[in-house]
Amino acid sequence: MRRSKPVYEAIKRIADIAAASVLLVVLSPLLLAVALLVRVRLGSPVLFAQSRPGRDGRIFTIYKFRSMREASSSGDAIENVATDADRLTPLGRAIRATSLDELPSLLNVLRGDMSFVGPRPLLPEYLERYNSEQARRHEVRPGITGWAQVNGRNAVSWEARFAMDVWYVDHRSLALDTRILAMTIGQVFRRSGVSAEGHATMPPFEPRRHAEETSEEDS
C-alpha cells in the first residue's frame, strides 16, 4: 500500500519542474551537439522513443538519444543486426557511459511522466512478471536516476535492483533524493555499472519461480 507523503510529493514536483526547465535551457547547446552527432553517425531518428510504464503502471513514451543501430536495415552496412552488442556503436557506448543519452528525458520530467529520482522505467511486458512486492516500484514516478542506479546500476541482479527500488519507495525523502543526485554525479564521472557482466546492456528480466510455486517440483 502506498504511503502518502503529500508535502514531499508537492515539493518534489515543483523542484522537478523548475530544474528540468532550467536544464533544458542551459543544456540546449549540448543537446543540439549530441543530436547532431547522433544524426551524422546513426542517421534518423535522432531520438529513441519507447512505451514505458510509469506511476501506477500508466504507460507513457520515454525519450532518449538513440545509441544503437536499427535492429535491421536494407542497407549494405547493416544486415539483420539483432543483439545489443552488435547494435551498440562506439558513439552509443560513449553517450550511455556519460548518461548523455538521458538528456531528452528532461521532457518527460517536465511533463510529469517522470521525476529526477525514482525507480527506472522498464519495459511494459515486465509488469506481469513482477511479484506483488516488486510491483510496488510503480507506487511512485519513475526516475532518470534512482537508488538502484547509484548502487550498482546494471551490474547488479534484477532481484537486487527491485529490492532497492522498493526500499526507495518506503524511505523516499528530499534528503534521500539529494543524496542520490549527488551520488549520480560521481557515478557518471566513474562510468561504473553501465552494463551487466557479459552483456552490452542488461539481460531481459526473467523472474525466478517463487518457492511456493515450485516446492513440489523441487522436492
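Scoring rules and cut-offs
- Residues numbered from 1 in each chain as written.
- Predicted model: local features only at pLDDT ≥ 70, side-chain atom pairs only at ≥ 80, totals over all residues.
- Heavy atoms only, no water.
- Phe/Tyr/Trp six-rings, centres within 6.5 Å; stacked < 30°, edge-to-face > 60°.
- Helix = DSSP H or I, 4+ residues; strand = E, 2+ residues; numbered from the N terminus.
- Expected span 1.5 Å × (residues − 1).
- Buried < 20%, exposed > 50% of the residue type's maximum accessible area, 1.4 Å probe, protein only.
- Arc of directions from axis to C-beta.
- Pairing = 2+ DSSP bridges.
- pLDDT = per-residue confidence, 0-100.
- Contact = heavy atoms within 4.5 Å.
- Core = buried A, V, L, I, M, F, W, Y, C linked by side-chain atoms within 4.5 Å.

> How do you make sense of the packing of aromatic side chains when you look at a structure like this?
Two aromatic rings are characterised by how far apart their centres lie and by the angle between their planes. Tallying each qualifying case throughout the model produces eight aromatic pairs. Among the aromatic residues, those joined into a cluster by ring pairs are Y126, Y130, W158, F162 and F205.

> Where do I start with helix α2 (residues 28-42) in this structure?
Owing to its 3.6 residues per turn, the α-helix brings residues three or four apart onto one side. Helix length check: α2, at 15 residues, gives a terminal C-alpha distance of 20 Å against a target of 21 Å (1.5 Å per residue), a fit within 8%. Of the positions making up α2, those classed as buried are L31, V34, V38 and L42. The buried side chains of α2 occupy one side of the element, clustering within an arc of 70° when seen end-on. Across from the buried face of α2, at angles greater than 90 degrees, the exposed residues are P29, L32, L36 and V40.

> Got a minute to help me understand the pairing of strand β1 (residues 47-53) in this structure?
Looking down a regular strand, the side chains alternate between one sheet face and the other. Two elements, β1 and strand β2 (residues 59-65), share seven bridges in a ladder whose sense is antiparallel. From the neighbouring strand, Q50 faces β2, where its bridge partner is I62. Between β1 and β2, which pair antiparallel in sequence order, lie five residues; one of them, D56, sits at a positive phi of approximately 60°.

> Is there a simple way to explain the confidence of the model for the chain in this structure?
Regions with low pLDDT carry predicted coordinates that are not meant to be interpreted in detail. Averaged over the chain, the pLDDT score is 85; the fraction of residues at 70 or greater is 80%. Of the regions scoring below 50 in pLDDT, residues 73-81 engages in eleven contacts with residues more than four places distant in sequence or in other chains. With pLDDT under 50 throughout, residues 209-219 is counted as low confidence; its partners more than four residues away or in other chains account for three contacts.

> Where do I start with the nonpolar core in this structure?
In a soluble, globular protein the nonpolar side chains are often hidden away together inside. Counting 29 residues, the largest nonpolar core has V38, F65, F116, W147, Y168 and I180 as the members making the most contacts within it. Only α1 (6-26), α2, β2, α4 (90-97), α5 (106-111), β3 (115-117), α6 (158-171) and α7 (174-190) provide two or more residues apiece to this core. Looking at which element gives the most residues to this core, the answer is α2, with four residues. Sequence-distant contacts of W147, defined by excluding residues within four places in its chain, comprise M164, W167, Y168, L176, R179, I180 and M183.

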